[in-house]
Amino acid sequence: MSVLAPCIQEFRANLLGIELPSLGISVLGVRIPDFEEETPRLLLPAWEWIERRAASLKGKPSVIIGDLNAETSSIRSRGGVHFRRILANGWHRAAPEEPTYFGTGGRISEIDHILATSHCTISEACVRNSEYSDHAALICRVDVGPSETVRK
């Protein structure tokens, strides 16, 4: 799996891609940086790249995990349009019942995600808070195989 996004130098350090042939799964770790004043120039190409990668991984067991800085509930969310298109294109997500981000002034949101193709089953999603970060760890079980073939 080539994870390099050559047109976005600032984005490369925020990607990790691995293939696990013995398990038959690909994993893409992503952190969408808060590009601040560079948002218009960098955010759109980063999300376009992620959307293309998601489309290329869709036909096999694959997971995208990370701090996507996108909320599922907000239409105006940074990257939200791309995020929702990925979900509409056959991906599904771990859906814990708790937020994963705890910002200043009591702001909470769900911007960390685990996505999987239809070739994977996600279960046991939960959030584990940390005293060392403003993000909680999002944890889930991923089994290769659709839910009707995976033993629980």
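The following paragraphs examine the structure supplied in this document.

Looking at the nonpolar core
As a rule of thumb, soluble globular proteins bury nonpolar side chains together.
Move 1: Core analysis: the biggest nonpolar cluster contains 19 residues, and Phe11, Val30, Ile32, Trp47 and Ile50 have the highest contact counts within it.
Move 2: Counting residues per element, the ones that place at least two in this core are strand S2 (25–31), helix H1 (39–57) and helix H2 (80–88).
Move 3: If you tally residues by element for this core, the top one is H1, at seven residues.
Move 4: Of all hydrophobic cores here, the second largest spans nine residues; its members include Ile25, Ile114, Ala116 and Val127.

Some remarks on H2
Move 1: Buried residues of H2: Gly80, His82, Phe83 and Ile86, and no others. Buried residues in H2, looked at end-on, bunch into an arc of 165°, giving them a common side.
Move 2: Just downstream of H2 lies Gly90, where phi reads positive at about 105°.

Focus on the environment of Leu57
Move 1: For Leu57, the location among the structural elements is in helix H1.
Move 2: Note on Leu57: relative accessible area 2%, which makes it buried.
Move 3: Between the C-alpha atoms of Leu57 and Thr117, which are 60 residues apart in sequence, the distance is 7.9 Å.

Looking at the pairing of strand S3 (residues 62–67)
Move 1: Along S3, five of the six residues are buried, which leaves the element largely enclosed by surrounding structure.
Move 2: The sheet contact formed by S3 and strand S7 (residues 112–116) spans five bridges and is antiparallel. Each bridged residue has a counterpart across the sheet, and for Asp67 the counterpart in S7 is Asp112.

Regarding the sheet that holds S7
Move 1: Pairing within the open sheet is mixed, and its five strands lie in the order S1-S2-S3-S7-S4. Taken across any chain shown, the strands that pair with only one partner, and hence form the sheet edges, are strand S1 (15–20) and strand S4 (92–93).
Move 2: Of the strand pairs in this sheet, S1 and S2 are connected by six bridges, and their pairing is antiparallel. Bridging from a neighbouring strand, Leu15 pairs with Val30 of S2.
Move 3: Sitting on the sheet, H2 touches S4 and S7, and the angle it makes with S7 is about 25°.

Brief notes about the environment of Leu138
Move 1: Of note, Leu138 is situated in strand S9 (residues 137–144).
Move 2: Along the primary structure Leu138 and Gly66 are separated by 72 residues, whereas in three dimensions their C-alpha atoms are 8.7 Å apart.

Description of the state of the cysteines
Two cysteines whose sulfur atoms are joined by a covalent bond form what is called a disulfide.
Move 1: Using the criterion set out here, one finds zero disulfides in the structure.
Move 2: Here Cys120 stays free of any disulfide, with the sulfur of Cys140 as its closest cysteine sulfur at 9.8 Å.

Reading the values: rules and limits
- Residues numbered from 1 in each chain as written.
- Predicted model: local features only at pLDDT ≥ 70, side-chain atom pairs only at ≥ 80, totals over all residues.
- Heavy atoms only, no water.
- Core = buried A, V, L, I, M, F, W, Y, C linked by side-chain atoms within 4.5 Å.
- Buried < 20%, exposed > 50% of the residue type's maximum accessible area, 1.4 Å probe, protein only.
- Helix = DSSP H or I, 4+ residues; strand = E, 2+ residues; numbered from the N terminus.
- Arc of directions from axis to C-beta.
- Pairing = 2+ DSSP bridges.
- Contact = heavy atoms within 4.5 Å.
- Axes fitted to C-alpha atoms, helices over the stretch in contact; angles between N-to-C directions.
- Disulfide = S-S within 2.5 Å.

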